[in-house]
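# Coordinate analysis (summary)
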Amino acid sequence: MIHAAEGGAGILFPIWQEMLIGAIAFGLLCFVLIKFVFPVMEKTFEARVDAIEGGIERAERAQEEANQTLEEYRRKLATAQEEAAAIRDEARADAVAAKEEILVSAREEANRIIAAGHAQVEASRQQLVRELRSEVGNLAVDLAGKIIGQRLAGDADTTATVDQFLAQIADETAETSGAR
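Per an unreviewed UniProt entry, the recorded name for the chain is ATP synthase subunit b, and the organism is Glycomyces rhizosphaerae. We quote the UniProt Sequence similarities (unreviewed entry) comment for the chain here in full: "Belongs to the ATPase B chain family." Turning to the chain, the UniProt record has this under Subcellular location (unreviewed entry): "Cell membrane".

The next subject is the overall build of the chain. Helix and strand counts for the chain come out as two helices and zero strands. Residues classed as buried in the chain amount to 4% of the 180 residues present. Accessible surface computed for the chain: about 15,700 Å², of which carbon and sulfur atoms make up 63%.

Once that is clear, we can look at the UniProt feature "transmembrane region" (unreviewed entry) in the chain. Residues given the UniProt feature "transmembrane region" (unreviewed entry) here are residues 20-38. Span residues 20-38 is 100% helix and 0% strand, its end C-alpha atoms 25 Å apart.

Let us look at a nonpolar patch on the surface. On the surface, a cluster of nonpolar side chains totalling about 870 Å² of accessible area is made up of Leu28, Phe31, Val32, Ile34, Phe36, Val37, Phe38, Met41 and Phe45. Looking at the secondary structure, you find Phe31 in helix H1 (residues 16-148).

Taken together, Glu42, Glu46, Asp50, Glu53, Glu57 and Glu60 make up a surface patch of like negative charges. By secondary structure assignment, the location of Glu53 is in helix H1.

The next point concerns H1. Helix length check: H1, at 133 residues, gives a terminal C-alpha distance of 186 Å against a target of 198 Å (1.5 Å per residue), a fit within 8%. Its maximal kink placed at Ile34, H1 deviates by approximately 40°. Gly54, Gly137, Val141 and Gly145 are the residues of H1 that are buried.

In the structure shown here, the tally under the stated rule is five salt bridges. Across the pair Arg112 and Glu109 runs a salt bridge, and its minimum N-O distance is 2.3 Å. Note that Arg112 and Glu109 are positioned in helix H1 at a spacing of three residues, about one turn of the helix. Using a relative accessible area of 35% as the deciding quantity, one classes Glu109 as partly exposed. One salt bridge in this structure joins Arg125 and Glu122, with 3.0 Å as the shortest N-O distance. With Arg125 and Glu122 both in helix H1 and three residues apart, this pair spans about one turn of that helix. For Arg125, a relative accessible area of 43% corresponds to the partly exposed category.

Rules of the game
Residues numbered from 1 in each chain as written. Predicted model: local features only at pLDDT ≥ 70, side-chain atom pairs only at ≥ 80, totals over all residues. Heavy atoms only, no water. UniProt positions renumbered as here; feature names shortened; annotations may be inferred. Helix = DSSP H or I, 4+ residues; strand = E, 2+ residues; numbered from the N terminus. Buried < 20%, exposed > 50% of the residue type's maximum accessible area, 1.4 Å probe, protein only. Areas by Shrake-Rupley, 256 points an atom, 1.4 Å probe, with all protein chains shown as cover. Patch = residues over 30% accessible without salt bridge, like charges linked within 9 Å, V, L, I, M, F, W, Y side chains within 5 Å. Salt bridge = Lys/Arg side-chain N within 4 Å of Asp/Glu carboxyl O. Lys, Arg positive; Asp, Glu negative; His and termini not counted. Charge placed at Lys NZ, Arg CZ, Asp CG, Glu CD. Expected span 1.5 Å × (residues − 1). Bend = angle between axes of the 7 residues up to and from the residue.

Here's what the structure looks like:
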C-alpha cells in the first residue's frame, strides 16, 4: 500500500477522525437543510406553481370571458345592423310616400292655378266682349248719326238695338263655325 511521506496513512484511506467529523458535519448540514431550508423552498415552489397555474386558469377564464364578450358584441352589432337596415328601409318608404304626396299636391296646385287662369281669362274675355260691344255699338250709332245727319233716339233704345244686332251676328258666327 501507498503510505504518506510523513504521516504514515495511506492516500486512499484518509484519517478516520476527519472522516467522522466530515460525516457529522454532513449529517448536521442535511438535518438543517431538510428541517429548515427545504420546507421554505417547497413553499416557494408551491407558491410559484400556484401562481403559474392560477395565472393560467385566470388567463383561460379571461379568454373565455373575452370570447363571450366578443360573441355578445357580434350579436349586438348584427342586431344594430338589422335595425339600421330597417330604419333605412323605413326612411326610403317615407321618402317615396312624401315624394308621392308632394307630387299629388303639386299636380292639384297646378290644376287649381290652371283652372284659376282659365277662369280669369274667361272673365277677362267676357269683360272685353262687353266693352267691345258697348264701344262698337256707340261707334255704330255715332256713324249712323253722322250718315243720317241727326242724333238718334235715346240711349236705351240705341243700346237695345245694338245688342240685338250683335246677338244676331254672334248667332250667325256660331252657325258658321258649327257648319265647318
